[in-house]
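# Secondary and tertiary structure notes
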Amino acid sequence: MVKYYPLIPVLAIYLVMFLIGFYIEGMWQMVALLAFYCALGQSWNIFMGMTGYVDFGYVTFIALGTYGMALGISYTHQYEWLGIGIIFIGLILALFLASLSALLESFIALRLRGAYFAIACIGINEGLKHFIEGARIWGGSDGIIFYGALIQAFGRETSNHLTAFWADFAVFIIAALAAILNIYYMRSKIGYALTAVREDEDAAKVMGINTTKYKTIAFLTSGLLGAAVGAFAWGVKLAHVYPGDVFVIHYTIECIVVVLLGGAGTLLGPVVGGLVYGLSKYWLAVVLPGFQLLVFAPIIIIIIVVFPEGIIGFVKQKTKSTPLARYII
Amino acid sequence: MALLKLENITKTFGGLMALNDVSLEIEHGELIAIVGPNGAGKTTLFNIISGVYRPDKGKIIFEERDITRMPAYKRAPLGFGRTFQIPRPFNSATVRENVAVGAMFGSLAGKVSVDDSLEIADRYIELVGLEAHKDKEAGSLTPVEKKMMEMARALAMKPKLLLMDEAMAGMHPKDIDEMVRFLKKIKEKENIAVVSMVEHVMRAVVGLAERVMVMHQGSKLVDAKTEEALTEPRVIEVYLGRPPDESK
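Residue numbering note: each chain is counted from 1, following its sequence as written. Chain letters and ligand numbers both follow the written order, the letters beginning at A and the numbers at 1. Residue-level local features of this predicted model are given only where pLDDT is at least 70; pairs of side-chain atoms are given and counted only at 80 or more, and the full residue set underlies all totals for whole chains, interfaces and linings. Computation of side-chain values covers all heavy atoms of the structure but excludes hydrogens and water.

- The name an unreviewed UniProt entry gives chain B is ABC transporter ATP-binding protein, with Candidatus Desulfaltia bathyphila as the organism.

- Under the annotation held in an unreviewed UniProt entry, chain A carries the name Branched-chain amino acid ABC transporter permease and is attributed to Candidatus Desulfaltia bathyphila.
- UniProt positions are given in the numbering used here, feature names are shortened, and annotations may be inferred rather than shown by experiment. Turning to chain A, the UniProt annotation filed under Subcellular location (unreviewed entry) states: "Cell membrane".

Dropping the structure here:
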């Protein structure tokens, strides 16, 4: 069990966040935003942190997750006997679309390395967006608005509850799940294989590691978690989806910043990164409306320069060979 | 039954013939050195054996199994271990984790758990004398320590065939003697065939190898017992050139 001690601080942080949001009036929205960043950072970290591949198309998964939920709800809401089941149908569709795209991407893009991989992922993301808009599938550029469908299925009050609370609650669950998967991978053969891939892919192959297999496992896991986040944080919560809103590289960049701030390849890193990023973004938007990005950029640059291994990478070095070390990875 | 059999291997890179019709047989537990000046095709041969490249022509048979087209990662579990000319440790992982990767994905793949692998790693780390550095990041080791770590990592794969790429280049003569002793001991204990590639550290060749294959410009020049091979006029010619009176 000692192997899983590092989960304690992560889950404790999530619990405290949840309690703050739940019991303190007016805090829920902010806490939900932070949970969103933590969950995405954690999910993205499983692939990028462990393999060192930078997936610039990560938002594709979040977007497809949103679409899966939108399609699930808007196609099945008239069947009353399904009840809350339509959310699960939406989730399953979300995961299905994301795994399709993950397998397609891993088939094409995982054969590439470095910048080529990043560019291929951007290409797939943009391609999908224009395909949906151009071919007019799934509502084309008009998107899918399914708040009406929600109300029809659950009534106004339950729908409000769903979008205002349960959607965010699900994000918390996904964040915790991502953390558990993260450490499980780190501690198993998969983690060793991925570390080898990150450090020297060719040497890894000669050592008997089926690099494609392990990269695909990480890519798929990371993509499915991203899709689940999208399904709830954007799908159920907003109850609409437009291609121009979801296939936006901006969100991928946010994931990268969150992970790098906290420390790539660490367990606690994406959580701390998500908190630091989310809080400063939120706070700056309040105190310096209009100027937030101008101030935000140099802050991020300074953090990255001072802590090149991320905040947790730095803390890890400082706590080496202290009793704290076994809680921090 | 030969452990590894190379049959008429040819490999070209564009117009360059890196290997020209090279055949070689290696028995279980044999110590063989592949010797040749820079550009002789030694590294290409190693890469062909370990599966990094595929030969244009020829066959590779490992324990009577044709593995010519088998990718590198599938060969390792059959019993291949390899060290590199310039060590290639997984820098951010600790020495222990590095060696454990060998145990996990080598010929014991699927038979050992992560914890078992770490235990096996400890054993080999002790064997190569790196206990004190066990929990250090591999990237922080000295070059010689990195070589020893790679050796432990390759041995933890429990190979039947260990390919050592210039393992002793740049080492102090005293270290080389120690390494040679170490390899002989390991070979006795675990019946590993060791193929070591050597450019010019003759001390290692003489001390270690029972058999020497000399390569020159992609072809096999000589394949004989160590003493015979090293006194062979053609070998001396490759390394030192012809004596002046003959070249007139």
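Continuing now.
## Section: the interface of chain B and chain A
- Of the residues lining the interface, 26 residues belong to chain B; the matching set on chain A comes to 21 residues.
- By definition, the buried area sums, over both parts, the 1.4 Å-probe accessible area that each loses when the two are put together. Counting each side, the surface lost to burial between chain B and chain A is near 2,000 Å², with a carbon and sulfur contribution of 68%.
- The largest share of the area that chain B buries against chain A comes from Tyr 73, Phe 90 and Phe 105 of chain B, three residues that together contribute 34% of it.
- The term salt bridge refers to a pairing of a side-chain nitrogen on Lys or Arg with a carboxyl oxygen on Asp or Glu at a separation within 4 Å. Connecting chain B to chain A are one salt bridge.
- When the shortest N-O distance is used, the salt bridge between Arg 88 of chain B and Asp 200 of chain A registers 2.7 Å.
- Two N or O atoms form a polar contact when they lie within 3.5 Å of each other; inside protein one atom must be a possible hydrogen donor and the other a possible acceptor, and for residues adjacent in sequence the pair counts only when both atoms belong to side chains. Between the two partners, chain B and chain A, sit five residue pairs in polar contact (both at pLDDT 80 or more). Two residues qualify as a contact provided that any one of their heavy atoms is within 4.5 Å of a heavy atom in the partner residue.

## A word on the pattern of salt bridges
All names here are of chain B.
- Using the criterion set out here, one finds 18 salt bridges over all chains in the structure.
- Note that Glu 63 and Lys 160 form a salt bridge whose closest N and O atoms lie 3.0 Å from each other. Of this pair, Glu 63 sits in the loop between β4 (57-62) and β5 (65-66) while Lys 160 sits in the loop between α5 (143-156) and β7 (161-165), and the two are 97 residues apart along the sequence.
- One salt bridge connects Lys 134 with Asp 122, and the closest N-O pair in it is separated by 3.6 Å. Note that Lys 134 is positioned in the loop between α4 (114-127) and α5 and Asp 122 in helix α4, a separation of twelve residues in sequence.
- Only protein chains enter the calculation, and the probe is 1.4 Å; a residue is then buried if its accessible area is under 20% of its type maximum, exposed if over 50%, and partly exposed in between. Overall, Lys 134 belongs to the partly exposed group, its relative accessible area being 26%.
- Several salt bridges converge on common partners, so that one network encompasses Glu 30, Arg 211, Lys 220 and Asp 223. Segments assigned H or I by DSSP are reported as helices when at least four residues long, segments assigned E as strands when at least two residues long, and all are numbered from the N terminus.

## What to know about the UniProt feature "domain: ABC transporter" (unreviewed entry) in chain B
- As annotated in UniProt, the feature "domain: ABC transporter" (unreviewed entry) corresponds to residues 4-242 of chain B in the numbering used here.
- Counting secondary structure, residues 4-242 of chain B comes out at 40% helix and 26% strand; the distance between its end C-alpha atoms is 34 Å.

## A word on the layout of surface pockets
Residues and elements named next belong to chain A.
- Note on definitions: the grid is 1 Å and covers protein atoms alone; a cavity is a set of points where a 1.4 Å probe fits but cannot get out; a pocket is an open set with protein on both sides within 12 Å along at least five of seven lines; lining residues have an atom within 4 Å of a point. Grid points are joined across faces, edges and corners, and a volume is the space filled by probe spheres set on the points. By volume, the largest pocket is sized at about 1,800 Å³.
- Examining the composition of the lining of the largest pocket, we find that seven residues originate from one element, helix α8 (residues 189-199), more than from any other.
- Among the residues forming the lining of the largest pocket, the class breakdown is 21 nonpolar, 14 polar and 14 charged.
- The computed volume of the second largest pocket comes to approximately 340 Å³.
- Lining the second largest pocket are 20 residues, and of these Phe 36, Ala 233, Trp 234, Lys 237 and Leu 238 lie nearest its centre.
- Per-element tally for the lining of the second largest pocket: the top contributor is helix α2 (residues 28-51), with five residues.
- In this classification, the charged set is Asp, Glu, Lys and Arg, the nonpolar set is Ala, Val, Leu, Ile, Met, Phe, Trp, Tyr, Cys and Pro, and all remaining amino acids, among them Gly, are polar. A class-by-class count of the residues in the lining of the second largest pocket yields twelve nonpolar, three polar and five charged.

## As for α4 of chain B
- Here α4 of chain B contains 14 residues, and its C-alpha end-to-end distance of 20 Å stays within 8% of the 20 Å for a straight helix at 1.5 Å per residue.
- Among all positions in α4 of chain B, only Val 114, Ser 117, Leu 118, Ile 120, Ala 121, Tyr 124 and Ile 125 of chain B are buried. Within α4 of chain B, the buried residues cover an arc of 160° as seen down the axis, which keeps them to one side. Exposed positions of α4 of chain B whose direction lies more than 90 degrees from the buried face are Glu 119, Arg 123 and Glu 126 of chain B.
- Looking at the packing, one finds that the buried side of α4 of chain B touches α7 (156-187) and α8 of chain A together with α3 (95-105), α5 and α6 (173-190) of chain B.
- A positive phi of about 75° marks Gly 129 of chain B, the residue just after α4 of chain B. To estimate the expected span of a helix, count its residues, drop one, and scale the result by 1.5 Å. What the arc measures is the spread of directions leading from the helix axis to the C-beta atoms.

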